[in-house]
Amino acid sequence: MSELLKRGLVEHAEALEKKEYSSHELVEAYLSRIEKRADMGTFITVDRENALKNALDADQRRATGKALGRFDGIPIALKDNICTEGLRTTCASKMLCDYTPPYNATVISRLRRAGLILLGKTNMDEFSMGSSTESSAFGATKNPRDPLRVAGGSSGGSAAAVADCQAPIALGSDTGGSVRQPSAFCGCVGMKPTYGRVSRYGLVAFSPSIEQIGPITKNIRDNAELLSIISGHDKMDSTTLRCEREDFSADIGKDIKGVRIGLPKELFELDMSDTVREGVMGAAEIYRQRGAAIKTVSLPSLRYALSAYYIISAAEASSNLARFDGIRYGHRAEDIENIDELFRRSRSEGFGDEVKRRIMLGTFVLSAGHRDEFYRRALSVKELVRKDFDAAFCECDVILCPVAPTVAPKLGEKRSPTEIYRTDAFCVPASIAGLPALSIPSGLGENSMPVGVQLIAPALSEALLYRVGAALEARKEGV
(Lines give C-alpha, C1' and ligand atoms only; values in the text may rest on other atoms or scores of the structure.)
Protein backbone atom coordinates (compact mmCIF):
# COMPACT_ATOMS: atom_id res chain seq x y z
CA MET A 1 0.00 0.00 0.00
CA SER A 2 1.24 3.50 -0.87
CA GLU A 3 2.69 5.55 1.97
CA LEU A 4 0.51 8.39 0.71
CA LEU A 5 -2.65 6.56 1.85
CA LYS A 6 -1.33 6.18 5.40
CA ARG A 7 -1.30 9.93 5.94
CA GLY A 8 -3.94 11.85 7.83
CA LEU A 9 -5.72 15.18 7.37
CA VAL A 10 -2.96 17.52 8.55
CA GLU A 11 -0.22 15.58 6.75
CA HIS A 12 -2.14 15.77 3.47
CA ALA A 13 -2.69 19.50 3.96
CA GLU A 14 1.05 20.06 4.37
CA ALA A 15 1.85 17.89 1.35
CA LEU A 16 -0.66 19.65 -0.89
CA GLU A 17 0.75 23.00 0.19
CA LYS A 18 4.24 21.82 -0.78
CA LYS A 19 2.87 20.43 -4.08
CA GLU A 20 4.16 16.92 -3.34
CA TYR A 21 1.07 15.64 -5.17
CA SER A 22 -2.21 17.03 -6.45
CA SER A 23 -5.67 16.63 -5.01
CA HIS A 24 -6.65 14.65 -8.11
CA GLU A 25 -3.78 12.21 -7.53
CA LEU A 26 -4.75 11.92 -3.87
CA VAL A 27 -8.43 11.26 -4.54
CA GLU A 28 -7.60 8.81 -7.33
CA ALA A 29 -5.36 6.86 -4.93
CA TYR A 30 -8.13 6.54 -2.35
CA LEU A 31 -10.72 5.57 -4.96
CA SER A 32 -8.39 2.85 -6.24
CA ARG A 33 -7.94 1.58 -2.69
CA ILE A 34 -11.72 1.53 -2.16
CA GLU A 35 -12.21 -0.45 -5.38
CA LYS A 36 -9.44 -2.89 -4.50
CA ARG A 37 -10.87 -3.47 -1.01
CA ALA A 38 -14.55 -3.68 -2.01
CA ASP A 39 -14.89 -7.07 -0.33
CA MET A 40 -14.41 -5.38 3.08
CA GLY A 41 -17.95 -3.99 2.88
CA THR A 42 -16.82 -0.50 3.89
CA PHE A 43 -18.77 1.66 1.44
CA ILE A 44 -22.39 1.50 0.31
CA THR A 45 -22.08 4.19 -2.38
CA VAL A 46 -18.89 5.56 -3.97
CA ASP A 47 -19.18 8.96 -5.66
CA ARG A 48 -16.23 8.48 -8.00
CA GLU A 49 -17.15 10.88 -10.81
CA ASN A 50 -17.96 13.84 -8.58
CA ALA A 51 -14.97 13.19 -6.31
CA LEU A 52 -12.54 13.37 -9.23
CA LYS A 53 -14.26 16.46 -10.66
CA ASN A 54 -14.12 18.20 -7.28
CA ALA A 55 -10.45 17.27 -6.94
CA LEU A 56 -9.65 18.95 -10.27
CA ASP A 57 -11.53 22.04 -9.11
CA ALA A 58 -9.51 22.07 -5.88
CA ASP A 59 -6.26 21.83 -7.83
CA GLN A 60 -7.34 24.75 -9.98
CA ARG A 61 -8.11 26.85 -6.89
CA ARG A 62 -4.71 26.09 -5.39
CA ALA A 63 -2.97 26.92 -8.67
CA THR A 64 -4.63 30.35 -8.76
CA GLY A 65 -4.13 31.08 -5.06
CA LYS A 66 -7.84 30.81 -4.27
CA ALA A 67 -7.87 27.68 -2.08
CA LEU A 68 -10.85 27.46 0.28
CA GLY A 69 -8.52 26.76 3.20
CA ARG A 70 -5.80 24.44 4.50
CA PHE A 71 -7.81 21.32 3.79
CA ASP A 72 -9.09 22.18 0.32
CA GLY A 73 -8.91 19.08 -1.88
CA ILE A 74 -8.63 16.45 0.87
CA PRO A 75 -11.11 13.52 0.70
CA ILE A 76 -13.48 12.36 3.43
CA ALA A 77 -15.91 9.45 3.92
CA LEU A 78 -19.40 9.91 5.33
CA LYS A 79 -21.75 7.61 7.23
CA ASP A 80 -24.78 6.77 5.12
CA ASN A 81 -27.35 8.32 7.45
CA ILE A 82 -26.21 11.89 6.68
CA CYS A 83 -28.17 13.44 3.81
CA THR A 84 -26.34 14.34 0.61
CA GLU A 85 -28.14 16.19 -2.16
CA GLY A 86 -28.16 14.13 -5.35
CA LEU A 87 -26.39 11.15 -3.77
CA ARG A 88 -28.43 8.33 -2.28
CA THR A 89 -28.70 8.02 1.49
CA THR A 90 -29.82 4.54 2.51
CA CYS A 91 -29.28 4.24 6.28
CA ALA A 92 -28.16 0.72 5.28
CA SER A 93 -31.83 -0.25 4.99
CA LYS A 94 -34.00 -1.76 2.31
CA MET A 95 -36.52 0.88 3.34
CA LEU A 96 -34.32 3.64 1.83
CA CYS A 97 -32.23 1.70 -0.67
CA ASP A 98 -33.16 4.08 -3.52
CA TYR A 99 -33.68 7.33 -1.59
CA THR A 100 -31.84 10.42 -2.88
CA PRO A 101 -32.19 13.48 -0.62
CA PRO A 102 -33.11 16.85 -2.18
CA TYR A 103 -30.86 18.73 0.28
CA ASN A 104 -27.53 18.57 2.11
CA ALA A 105 -27.01 18.11 5.83
CA THR A 106 -25.43 21.13 7.52
CA VAL A 107 -22.19 19.22 8.11
CA ILE A 108 -21.94 18.61 4.34
CA SER A 109 -22.27 22.31 3.64
CA ARG A 110 -19.51 23.06 6.16
CA LEU A 111 -17.21 20.37 4.77
CA ARG A 112 -17.65 21.75 1.27
CA ARG A 113 -16.98 25.32 2.38
CA ALA A 114 -13.65 24.00 3.70
CA GLY A 115 -12.99 22.28 0.36
CA LEU A 116 -13.18 18.69 1.61
CA ILE A 117 -14.17 16.15 -1.05
CA LEU A 118 -16.70 13.38 -0.45
CA LEU A 119 -15.51 9.94 -1.54
CA GLY A 120 -18.77 8.18 -0.75
CA LYS A 121 -21.17 6.90 1.90
CA THR A 122 -20.04 4.25 4.38
CA ASN A 123 -21.75 1.14 5.66
CA MET A 124 -23.52 1.09 9.03
CA ASP A 125 -26.03 -0.80 11.13
CA GLU A 126 -29.52 -0.27 9.76
CA PHE A 127 -30.80 3.13 10.95
CA SER A 128 -27.84 3.13 13.39
CA MET A 129 -29.41 0.34 15.45
CA GLY A 130 -26.62 -2.08 16.25
CA SER A 131 -22.98 -2.37 17.23
CA SER A 132 -21.39 -4.47 14.47
CA THR A 133 -22.84 -3.36 11.06
CA GLU A 134 -24.28 -6.88 10.85
CA SER A 135 -27.80 -5.46 10.66
CA SER A 136 -26.96 -3.62 7.42
CA ALA A 137 -29.10 -4.58 4.43
CA PHE A 138 -25.87 -4.41 2.38
CA GLY A 139 -23.91 -6.93 4.45
CA ALA A 140 -21.48 -6.47 7.32
CA THR A 141 -18.27 -4.44 7.30
CA LYS A 142 -15.13 -6.44 8.07
CA ASN A 143 -12.51 -5.28 10.53
CA PRO A 144 -9.29 -4.29 8.70
CA ARG A 145 -7.20 -5.78 11.53
CA ASP A 146 -8.92 -9.16 11.11
CA PRO A 147 -11.54 -9.67 8.37
CA LEU A 148 -13.14 -12.44 10.43
CA ARG A 149 -14.15 -9.88 13.08
CA VAL A 150 -16.64 -7.04 13.15
CA ALA A 151 -15.60 -3.44 12.60
CA GLY A 152 -18.06 -2.34 15.26
CA GLY A 153 -21.09 -0.15 14.88
CA SER A 154 -23.11 1.52 14.08
CA SER A 155 -20.48 3.67 12.31
CA GLY A 156 -18.44 0.60 11.41
CA GLY A 157 -17.94 1.57 7.78
CA SER A 158 -16.52 4.98 8.69
CA ALA A 159 -14.08 3.53 11.23
CA ALA A 160 -13.01 0.75 8.86
CA ALA A 161 -12.51 3.26 6.03
CA VAL A 162 -10.02 5.23 8.14
CA ALA A 163 -8.30 2.18 9.60
CA ASP A 164 -7.97 0.51 6.19
CA CYS A 165 -6.67 3.68 4.51
CA GLN A 166 -9.71 3.94 2.25
CA ALA A 167 -10.15 7.51 3.53
CA PRO A 168 -7.95 9.74 5.69
CA ILE A 169 -10.89 10.96 7.81
CA ALA A 170 -14.59 10.19 8.20
CA LEU A 171 -17.77 11.24 9.94
CA GLY A 172 -20.06 8.95 11.88
CA SER A 173 -22.93 9.45 14.29
CA ASP A 174 -22.97 8.44 17.94
CA THR A 175 -26.10 7.63 19.94
CA GLY A 176 -24.97 5.00 22.43
CA GLY A 177 -21.34 4.67 21.36
CA SER A 178 -21.61 4.38 17.57
CA VAL A 179 -18.52 6.53 16.90
CA ARG A 180 -16.47 5.51 19.93
CA GLN A 181 -16.94 1.74 19.84
CA PRO A 182 -16.02 1.10 16.17
CA SER A 183 -13.11 3.50 16.59
CA ALA A 184 -11.89 1.37 19.48
CA PHE A 185 -12.39 -1.88 17.55
CA CYS A 186 -10.50 -0.57 14.49
CA GLY A 187 -7.75 1.36 16.29
CA CYS A 188 -8.93 4.89 15.40
CA VAL A 189 -9.65 8.09 17.31
CA GLY A 190 -13.37 8.85 17.65
CA MET A 191 -15.16 11.78 19.29
CA LYS A 192 -18.75 12.09 20.45
CA PRO A 193 -19.13 15.85 20.91
CA THR A 194 -21.24 17.63 23.53
CA TYR A 195 -24.92 17.38 22.66
CA GLY A 196 -25.70 20.44 20.55
CA ARG A 197 -22.08 21.09 19.53
CA VAL A 198 -22.69 19.80 15.96
CA SER A 199 -25.85 20.34 13.91
CA ARG A 200 -28.07 17.32 13.37
CA TYR A 201 -29.88 18.94 10.43
CA GLY A 202 -29.80 16.33 7.68
CA LEU A 203 -28.97 13.43 10.00
CA VAL A 204 -31.70 10.82 9.57
CA ALA A 205 -33.24 10.69 13.04
CA PHE A 206 -32.91 7.68 15.33
CA SER A 207 -32.92 9.23 18.83
CA PRO A 208 -32.73 13.03 18.43
CA SER A 209 -32.40 13.85 22.14
CA ILE A 210 -29.14 11.86 22.33
CA GLU A 211 -27.40 11.43 18.96
CA GLN A 212 -24.54 13.55 17.65
CA ILE A 213 -22.39 13.55 14.51
CA GLY A 214 -18.72 13.03 15.31
CA PRO A 215 -15.30 12.67 13.61
CA ILE A 216 -13.27 9.48 13.18
CA THR A 217 -9.58 9.93 12.36
CA LYS A 218 -6.11 8.41 12.55
CA ASN A 219 -4.91 10.73 15.30
CA ILE A 220 -5.96 13.34 17.86
CA ARG A 221 -4.95 16.45 15.92
CA ASP A 222 -6.87 15.42 12.80
CA ASN A 223 -9.90 14.76 14.98
CA ALA A 224 -9.72 18.20 16.57
CA GLU A 225 -9.31 19.92 13.21
CA LEU A 226 -12.29 18.09 11.72
CA LEU A 227 -14.51 18.90 14.70
CA SER A 228 -13.56 22.57 14.34
CA ILE A 229 -14.85 22.47 10.75
CA ILE A 230 -18.25 20.87 11.44
CA SER A 231 -19.19 22.41 14.81
CA GLY A 232 -21.11 25.59 15.55
CA HIS A 233 -24.64 26.94 15.89
CA ASP A 234 -27.08 26.21 13.06
CA LYS A 235 -30.40 28.01 12.62
CA MET A 236 -31.74 24.84 10.97
CA ASP A 237 -31.31 22.87 14.21
CA SER A 238 -32.80 24.43 17.33
CA THR A 239 -30.85 22.05 19.58
CA THR A 240 -27.45 23.40 18.52
CA LEU A 241 -25.74 25.48 21.17
CA ARG A 242 -25.13 29.19 20.73
CA CYS A 243 -21.40 29.11 21.33
CA GLU A 244 -18.48 30.42 19.35
CA ARG A 245 -16.56 28.07 17.10
CA GLU A 246 -13.31 26.91 18.64
CA ASP A 247 -9.89 25.80 17.52
CA PHE A 248 -10.04 22.48 19.33
CA SER A 249 -6.40 21.73 18.52
CA ALA A 250 -5.07 24.80 20.37
CA ASP A 251 -4.21 22.95 23.60
CA ILE A 252 -2.78 19.80 22.02
CA GLY A 253 0.76 19.28 23.29
CA LYS A 254 0.29 21.26 26.47
CA ASP A 255 1.38 19.76 29.80
CA ILE A 256 -1.24 17.75 31.73
CA LYS A 257 0.50 18.06 35.09
CA GLY A 258 -2.10 18.54 37.79
CA VAL A 259 -5.05 17.38 35.66
CA ARG A 260 -7.32 15.25 37.84
CA ILE A 261 -8.38 11.98 36.17
CA GLY A 262 -11.19 9.98 37.75
CA LEU A 263 -11.75 6.24 37.55
CA PRO A 264 -15.49 5.52 38.08
CA LYS A 265 -15.72 2.56 40.42
CA GLU A 266 -19.18 1.50 39.16
CA LEU A 267 -17.91 1.02 35.61
CA PHE A 268 -14.90 -0.96 36.78
CA GLU A 269 -17.28 -3.34 38.57
CA LEU A 270 -18.77 -4.37 35.20
CA ASP A 271 -17.49 -7.38 33.27
CA MET A 272 -14.57 -6.69 30.96
CA SER A 273 -11.72 -8.73 29.55
CA ASP A 274 -8.35 -8.71 31.27
CA THR A 275 -6.69 -6.98 28.33
CA VAL A 276 -9.30 -4.19 28.30
CA ARG A 277 -8.79 -3.64 32.03
CA GLU A 278 -5.02 -3.66 31.52
CA GLY A 279 -5.35 -1.16 28.68
CA VAL A 280 -7.27 1.31 30.83
CA MET A 281 -5.04 0.89 33.87
CA GLY A 282 -1.97 1.17 31.64
CA ALA A 283 -3.32 4.48 30.34
CA ALA A 284 -3.90 5.63 33.92
CA GLU A 285 -0.30 4.83 34.76
CA ILE A 286 0.96 6.80 31.76
CA TYR A 287 -1.08 9.78 32.93
CA ARG A 288 0.29 9.39 36.44
CA GLN A 289 3.84 9.46 35.04
CA ARG A 290 2.95 12.62 33.13
CA GLY A 291 1.95 14.38 36.33
CA ALA A 292 -1.82 13.84 36.35
CA ALA A 293 -3.58 12.96 39.59
CA ILE A 294 -5.46 9.64 39.46
CA LYS A 295 -8.36 9.07 41.82
CA THR A 296 -11.49 6.95 42.19
CA VAL A 297 -14.88 8.64 41.74
CA SER A 298 -18.44 7.41 42.15
CA LEU A 299 -21.35 7.58 39.70
CA PRO A 300 -24.11 5.73 41.57
CA SER A 301 -26.84 6.06 38.93
CA LEU A 302 -24.78 4.42 36.21
CA ARG A 303 -26.28 1.05 37.08
CA TYR A 304 -29.56 2.30 35.61
CA ALA A 305 -28.14 4.17 32.62
CA LEU A 306 -28.19 1.33 30.10
CA SER A 307 -31.85 0.45 30.74
CA ALA A 308 -32.84 4.11 30.57
CA TYR A 309 -30.95 4.56 27.30
CA TYR A 310 -32.67 1.66 25.56
CA ILE A 311 -36.09 2.83 26.71
CA ILE A 312 -35.56 6.44 25.60
CA SER A 313 -33.85 5.63 22.31
CA ALA A 314 -36.39 2.96 21.38
CA ALA A 315 -39.29 5.29 22.19
CA GLU A 316 -37.81 8.02 19.98
CA ALA A 317 -37.04 5.51 17.23
CA SER A 318 -40.62 4.25 17.27
CA SER A 319 -41.86 7.81 16.79
CA ASN A 320 -39.29 8.86 14.17
CA LEU A 321 -39.58 5.77 12.01
CA ALA A 322 -43.38 6.04 11.84
CA ARG A 323 -42.85 8.26 8.78
CA PHE A 324 -41.75 5.25 6.74
CA ASP A 325 -45.23 4.10 5.82
CA GLY A 326 -44.92 3.22 2.12
CA ILE A 327 -46.75 6.34 1.01
CA ARG A 328 -44.46 9.37 0.83
CA TYR A 329 -41.01 7.85 0.31
CA GLY A 330 -39.08 4.71 1.07
CA HIS A 331 -39.92 1.11 0.29
CA ARG A 332 -43.48 0.45 -0.87
CA ALA A 333 -45.00 -3.01 -1.01
CA GLU A 334 -46.53 -4.13 -4.29
CA ASP A 335 -49.87 -5.79 -5.04
CA ILE A 336 -51.60 -4.42 -1.96
CA GLU A 337 -55.38 -4.41 -1.50
CA ASN A 338 -55.94 -1.75 1.19
CA ILE A 339 -54.21 0.91 3.24
CA ASP A 340 -53.70 -1.33 6.29
CA GLU A 341 -51.93 -3.92 4.18
CA LEU A 342 -49.80 -1.17 2.61
CA PHE A 343 -48.55 -0.03 6.02
CA ARG A 344 -48.01 -3.53 7.36
CA ARG A 345 -46.24 -5.05 4.36
CA SER A 346 -44.15 -1.98 3.48
CA ARG A 347 -42.76 -1.77 7.01
CA SER A 348 -42.38 -5.53 7.40
CA GLU A 349 -40.47 -5.82 4.14
CA GLY A 350 -38.48 -2.59 4.49
CA PHE A 351 -37.18 -2.90 8.05
CA GLY A 352 -34.74 -5.52 9.34
CA ASP A 353 -35.16 -7.56 12.53
CA GLU A 354 -33.22 -5.25 14.85
CA VAL A 355 -35.12 -2.16 13.72
CA LYS A 356 -38.43 -3.96 14.16
CA ARG A 357 -37.36 -5.08 17.64
CA ARG A 358 -36.64 -1.53 18.75
CA ILE A 359 -39.80 -0.12 17.17
CA MET A 360 -41.87 -2.66 19.09
CA LEU A 361 -40.02 -1.92 22.33
CA GLY A 362 -40.50 1.82 21.80
CA THR A 363 -44.17 1.46 20.98
CA PHE A 364 -44.65 -0.61 24.12
CA VAL A 365 -42.97 1.87 26.51
CA LEU A 366 -45.00 4.74 25.03
CA SER A 367 -48.31 2.89 25.16
CA ALA A 368 -51.14 3.77 27.52
CA GLY A 369 -50.49 2.30 30.96
CA HIS A 370 -46.73 1.97 30.43
CA ARG A 371 -45.58 5.49 29.57
CA ASP A 372 -45.19 6.59 33.20
CA GLU A 373 -43.82 3.25 34.34
CA PHE A 374 -41.04 3.12 31.76
CA TYR A 375 -40.53 6.21 29.60
CA ARG A 376 -40.98 8.95 32.20
CA ARG A 377 -38.96 6.99 34.72
CA ALA A 378 -36.16 6.60 32.15
CA LEU A 379 -36.14 10.38 31.66
CA SER A 380 -35.74 10.76 35.43
CA VAL A 381 -32.77 8.39 35.37
CA LYS A 382 -31.25 10.45 32.54
CA GLU A 383 -31.33 13.49 34.84
CA LEU A 384 -29.84 11.51 37.74
CA VAL A 385 -26.95 10.37 35.58
CA ARG A 386 -26.28 13.96 34.53
CA LYS A 387 -26.25 15.07 38.19
CA ASP A 388 -23.87 12.23 39.11
CA PHE A 389 -21.45 13.42 36.45
CA ASP A 390 -21.73 16.99 37.73
CA ALA A 391 -20.83 15.78 41.22
CA ALA A 392 -17.93 13.66 39.93
CA PHE A 393 -16.51 16.59 38.00
CA CYS A 394 -16.24 18.52 41.24
CA GLU A 395 -13.59 15.95 42.20
CA CYS A 396 -11.92 15.40 38.82
CA ASP A 397 -11.44 17.10 35.46
CA VAL A 398 -11.71 14.07 33.19
CA ILE A 399 -13.07 10.54 33.61
CA LEU A 400 -11.14 7.54 32.23
CA CYS A 401 -12.86 4.21 31.49
CA PRO A 402 -13.15 1.48 28.83
CA VAL A 403 -15.00 1.95 25.55
CA ALA A 404 -16.15 -1.67 25.25
CA PRO A 405 -15.80 -4.73 27.50
CA THR A 406 -13.85 -6.76 24.92
CA VAL A 407 -12.00 -6.39 21.64
CA ALA A 408 -13.98 -6.81 18.41
CA PRO A 409 -15.96 -10.08 18.40
CA LYS A 410 -16.09 -12.44 15.44
CA LEU A 411 -18.51 -11.90 12.60
CA GLY A 412 -21.61 -14.08 12.93
CA GLU A 413 -20.95 -14.82 16.59
CA LYS A 414 -24.21 -15.90 18.18
CA ARG A 415 -25.23 -13.48 20.92
CA SER A 416 -28.65 -12.61 22.32
CA PRO A 417 -29.95 -9.05 21.86
CA THR A 418 -29.64 -8.36 25.60
CA GLU A 419 -26.05 -9.61 25.59
CA ILE A 420 -25.26 -7.27 22.69
CA TYR A 421 -26.99 -4.33 24.40
CA ARG A 422 -24.90 -4.84 27.56
CA THR A 423 -21.72 -4.14 25.59
CA ASP A 424 -22.86 -0.50 25.35
CA ALA A 425 -22.70 -0.03 29.12
CA PHE A 426 -19.43 1.95 29.05
CA CYS A 427 -20.48 4.38 26.30
CA VAL A 428 -24.13 5.02 27.18
CA PRO A 429 -23.63 7.14 30.35
CA ALA A 430 -21.89 9.99 28.50
CA SER A 431 -24.51 9.76 25.77
CA ILE A 432 -27.56 10.26 27.95
CA ALA A 433 -25.76 12.97 29.95
CA GLY A 434 -24.95 14.82 26.70
CA LEU A 435 -21.23 14.96 27.51
CA PRO A 436 -18.24 14.88 25.15
CA ALA A 437 -16.38 11.57 25.08
CA LEU A 438 -13.23 10.57 23.21
CA SER A 439 -12.11 7.08 22.20
CA ILE A 440 -8.33 6.63 21.88
CA PRO A 441 -6.29 3.54 20.94
CA SER A 442 -4.45 2.06 23.91
CA GLY A 443 -2.47 -0.88 22.61
CA LEU A 444 -3.54 -4.36 21.59
CA GLY A 445 -5.60 -6.95 23.42
CA GLU A 446 -6.41 -10.59 22.84
CA ASN A 447 -5.73 -11.88 19.32
CA SER A 448 -3.69 -8.70 18.70
CA MET A 449 -6.86 -6.66 18.25
CA PRO A 450 -7.02 -2.94 19.18
CA VAL A 451 -8.15 -1.83 22.63
CA GLY A 452 -9.61 1.64 23.11
CA VAL A 453 -9.91 3.78 26.22
CA GLN A 454 -12.50 6.48 26.76
CA LEU A 455 -12.13 9.95 28.19
CA ILE A 456 -15.25 11.86 29.32
CA ALA A 457 -15.31 15.54 30.32
CA PRO A 458 -17.86 18.21 31.29
CA ALA A 459 -20.01 19.75 28.55
CA LEU A 460 -18.12 21.88 26.01
CA SER A 461 -14.73 20.51 27.17
CA GLU A 462 -13.66 18.94 23.89
CA ALA A 463 -10.40 20.93 23.88
CA LEU A 464 -9.51 19.45 27.27
CA LEU A 465 -10.24 15.93 26.01
CA TYR A 466 -7.95 16.45 23.02
CA ARG A 467 -5.21 17.82 25.29
CA VAL A 468 -5.42 14.87 27.69
CA GLY A 469 -5.87 12.37 24.85
CA ALA A 470 -2.82 13.71 23.05
CA ALA A 471 -0.67 13.03 26.10
CA LEU A 472 -1.57 9.34 25.88
CA GLU A 473 -1.12 9.28 22.11
CA ALA A 474 2.33 10.88 22.40
CA ARG A 475 3.46 8.36 25.01
CA LYS A 476 2.24 5.45 22.90
CA GLU A 477 4.26 6.84 20.00
CA GLY A 478 7.34 7.16 22.20
CA VAL A 479 7.34 10.95 22.41
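Residues numbered from 1 in each chain as written. Predicted model: local features only at pLDDT ≥ 70, side-chain atom pairs only at ≥ 80, totals over all residues. Heavy atoms only, no water.

### Description of the environment of Gly 153
Defined as follows: The secondary structure listing takes helices from DSSP runs of H or I that are at least 4 residues long and strands from runs of E that are at least 2 residues long, numbered from the N terminus. Note on exposure labels: buried denotes an accessible area under 20% of the residue type's maximum, exposed denotes more than 50%, and partly exposed covers the range between, all computed with a 1.4 Å probe on protein chains only. Contact definition: two residues touch when any of their heavy atoms are within 4.5 Å.
Take Gly 153: it is sitting in the loop between strand E5 (146-150) and helix H5 (156-163). Here Gly 153 falls in the buried class, since its relative accessible area comes to 3%. In this structure, the C-alpha to C-alpha distance between Gly 153 and Ser 178, residues 25 residues apart in sequence, is 5.3 Å. Setting aside anything within four residues of it in sequence, one finds Gly 153 in contact with Asp 125, Gly 130, Ser 131, Ser 132, Thr 133, Gly 177, Ser 178, Gln 181 and Pro 182.

### Some words on the nonpolar core
So the rule is basically this: Within this scheme, the nonpolar core is defined by two criteria: the residues are buried Ala, Val, Leu, Ile, Met, Phe, Trp, Tyr or Cys, and they are joined through side-chain atoms within 4.5 Å.
With 142 residues, the main nonpolar core has Leu 116, Phe 127, Leu 171, Ile 230, Tyr 287, Phe 389 and Leu 400 as its most contacted residues. For this core, the element with the highest residue contribution is helix H10 (residues 302-320), accounting for ten residues. Apart from the residues lying within four places of it in its own chain, the contact partners of Phe 127 are Cys 91, Ser 93, Met 95, Leu 96, Val 204, Phe 206, Leu 321, Phe 324, Phe 351 and Val 355.

### Description of the side chain of Asp 174
We apply this condition: Pairs of N or O atoms are called polar contacts if they sit within 3.5 Å, as long as, within protein, a hydrogen donor faces a hydrogen acceptor (for residues adjacent in sequence, only side-chain-to-side-chain pairs).
Positionally, Asp 174 belongs in strand E6 (residues 169-174). Polar contacts involving the side chain of Asp 174 include one to the main-chain amide nitrogen of Val 179, which spans 3.1 Å. Once you skip the residues sitting within four places of it in the chain, Asp 174 turns out to touch Val 179, Arg 180, Lys 192, Ile 210, Glu 211, Gln 212 and Ser 431.

### Looking at the side chain of Glu 126
The criterion, for reference: Only four residue types enter the tally: Lys and Arg on the positive side, Asp and Glu on the negative side; His and the chain ends are excluded. A pair is scored as a salt bridge if a Lys or Arg side-chain nitrogen falls within 4 Å of a carboxyl oxygen belonging to Asp or Glu.
Following the sequence through the fold, Glu 126 ends up in the loop between strand E3 (117-122) and strand E4 (142-143). Nearest to the buried, unbridged Glu 126 among oppositely charged side chains is Lys 356, at 8.4 Å. Among the polar contacts made by the side chain of Glu 126, one reaches the side chain of Ser 93 at a distance of 2.6 Å. In contact with Glu 126, not counting residues within four places along its chain, are Cys 91, Ala 92, Ser 93, Lys 94, Ser 135, Ser 136, Gly 350, Phe 351, Gly 352 and Val 355.

### Notes on the packing of H10 against helix H13 (residues 371-392)
Formally: Interaxial angles span 0 to 180 degrees and are taken between N-to-C directions of axes, which are lines fitted to C-alpha atoms, for helices over the stretch in contact. Roughly parallel here means an angle under 35 degrees, roughly antiparallel means over 145, roughly perpendicular means 65 to 115, and every remaining angle is called oblique. Should the near helix be turned anticlockwise from the far one by less than a right angle, the crossing is left-handed, and should it be turned clockwise, the crossing is right-handed. Residues are grouped as follows: Ala, Val, Leu, Ile, Met, Phe, Trp, Tyr, Cys and Pro are nonpolar; Asp, Glu, Lys and Arg are charged; every other residue, Gly included, is polar.
Interhelical geometry of H10 versus H13 gives an angle of 130° and a closest axis separation of 8 Å. If you check the angle between H10 and H13, you find them oblique. Between H10 and H13 lies a crossing of left-handed hand. Of the residues in H13, those touching H10 at Leu 302, Tyr 304, Ala 305, Ala 308, Ile 311, Ile 312, Ala 315 and Glu 316 are Phe 374, Tyr 375, Ala 378, Leu 379, Val 381, Lys 382, Val 385 and Phe 389. Its residues placed into classes, the contact of H10 with H13 shows 14 nonpolar, no polar and two charged.

### Description of the pattern of salt bridges
Counting across every chain of the model gives 26 salt bridges. Lys 254 is the salt-bridge partner of Asp 251, the closest N and O atoms lying 2.8 Å from each other. On the basis of relative accessibility, which here comes to 24%, the residue Asp 251 falls in the partly exposed class. The partly exposed category is assigned to Lys 254, whose relative accessible area is 46%.

### A word on the packing of aromatic side chains
Each aromatic ring pair is specified by the distance between its two centres and by the angle formed by the two planes. Just so we agree on the cut-off: By convention, a stacked pair of Phe, Tyr or Trp rings (six-membered ring in the case of Trp) has centres within 6.5 Å and planes under 30 degrees apart, an edge-to-face pair has planes over 60 apart, and any other such pair is tilted.
A full pass over the atoms with the stated rule returns eleven aromatic pairs. Relative to Tyr 329, the ring of Phe 324 has its centre 5.8 Å away and its plane inclined at 80°; by these criteria the two rings are edge-to-face. On the basis of relative accessible area, Phe 324 is assigned to the buried category, the value being 3%. When the centroid spacing of 5.7 Å and the interplanar angle of 50° are considered together, the rings of Phe 364 and Phe 374 count as tilted. Residue Phe 364 is located in helix H12 (residues 353-365), and its partner Phe 374 is located in helix H13; the two are separated by ten residues in the primary sequence. Look at Phe 374 and you get partly exposed, because its relative accessible area is 25%. Members of the aromatic cluster, joined through ring pairs, are Tyr 99, Phe 127, Phe 324, Tyr 329 and Phe 351.

### Some thoughts on helix H7 (residues 220-230)
With ten of its eleven residues buried, H7 lies for the most part within the structure. Looking only at H7, the buried set comprises Ile 220, Asp 222, Asn 223, Ala 224, Glu 225, Leu 226, Leu 227, Ser 228, Ile 229 and Ile 230. In this structure Asn 219 caps H7, since a side-chain oxygen of it lies 3.3 Å from the backbone nitrogen of Arg 221.

### Details of the sheet that holds strand E8 (residues 212-217)
Spelled out, the test is: Two strands are said to pair when DSSP picks up at least two bridges between them.
Taken together, the eleven strands give an open sheet; going across it, the order is E1-E3-E2-E6-E8-E7-E12-E13-E11-E9-E10, and neighbouring strands pair in mixed fashion. The sheet is open, and its two borders are formed by strand E1 (43-46) and strand E10 (293-297), each paired with just one other strand. Neighbouring strand axes in the sheet, compared pairwise and without regard to direction, differ in orientation by 30° on average. As paired strands, E6 and E8 are joined by six bridges and run antiparallel to one another. Each residue of the ladder has a partner; that of Ser 173, found in E8, is Ile 213. The sheet strands contacting H7 are strand E2 (75-79), E6, strand E7 (189-192), E8 and strand E12 (437-444), and the helix crosses E8 at an angle near 145°.

Keep in mind that these numbers describe shape and distance, not what the molecule does.
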